[in-house]
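# Residue-level structure breakdown
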Amino acid sequence: MAAYVDSFFLASADSRFVVLIVFQVVFAVTEFVRENLGQSFIEPPRTDLFTLFVDISNVTPLVFVPSTGSDPMGAFLRFAKESDYLDRQ
């Protein structure tokens with residue numbers, strides 16, 4: 001699917017049309033996942049960095065995949081300050 005969308009970007013001259021097609025693809029994939037796997041696979045889990053920090057180690061990293069418009073930096077800085085990691089060198 002990604003290869004199709006990438007080739008469509010190259011072939012289209014009207015960027016508004018491309019944005020519409022990409023939005024439709026994202027919407028269609030979201031609906032497919034919702035219908036076949038369930039709503040829980042669409043919604044991000046509610047958690048906080050303190051809970052996640054307990055589960056990570058040097059062999060089990062924490063990987064963030066932010067969505068459009070999200071900015072986790074504020075949460076990271078707040079966590080660092082509350083855990084006394086902000087001033088460490």
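The shown structure was predicted, so the numbers you read here are calculated from the model rather than taken from an experiment. (Residues numbered from 1 in each chain as written. Predicted model: local features only at pLDDT ≥ 70, side-chain atom pairs only at ≥ 80, totals over all residues. Heavy atoms only, no water.)

### Some words on the overall build of the protein chain
A count of helical and extended segments in the protein chain gives four helices and zero strands. Carbon and sulfur atoms form 62% of the exposed surface of the protein chain, whose accessible area is close to 7,900 Å². (Helix = DSSP H or I, 4+ residues; strand = E, 2+ residues; numbered from the N terminus. Areas by Shrake-Rupley, 256 points an atom, 1.4 Å probe, with all protein chains shown as cover.)

### Focus on the confidence of the model for the protein chain
With 74% of its residues at a pLDDT of at least 70, the protein chain reaches an overall mean of 76. The model gives residues 1–7 a pLDDT under 50, and that stretch makes four contacts with residues more than four places away or in other chains. (pLDDT = per-residue confidence, 0-100. Contact = heavy atoms within 4.5 Å.)

### Some words on the side chain of Ser83
Tracing the backbone shows Ser83 in the segment after helix H4 (73–82). Setting aside chain neighbours within four positions, we find Ser83 in contact with Phe50 and Arg88.

### As for the packing of aromatic side chains
In the structure shown here, the tally under the stated rule is four aromatic pairs. Seen in terms of ring centroids, Phe50 and Phe79 are 5.0 Å apart; in terms of plane orientation they differ by 65 degrees. Their pairing is edge-to-face. Here Phe50, found in helix H3 (residues 49–55), pairs with Phe79, found in helix H4; they are 29 residues apart in sequence, far enough to count as distant. Under the relative-accessibility criterion, Phe79 is labelled buried at 13%. Summarising the aromatic geometry, the rings of Phe53 and Phe79 are spaced 5.3 Å apart at their centres and angled 55 degrees between planes, so their arrangement reads as tilted. You can see Phe53 sitting in helix H3 and its partner Phe79 sitting in helix H4, a full 26 residues away along the chain. (Phe/Tyr/Trp six-rings, centres within 6.5 Å; stacked < 30°, edge-to-face > 60°. Buried < 20%, exposed > 50% of the residue type's maximum accessible area, 1.4 Å probe, protein only.)

### Quick look at unusual backbone geometry
At Asp84, a position not held by glycine, the phi torsion is positive, near 60 degrees. On the secondary structure map, Asp84 appears in the segment after H4.

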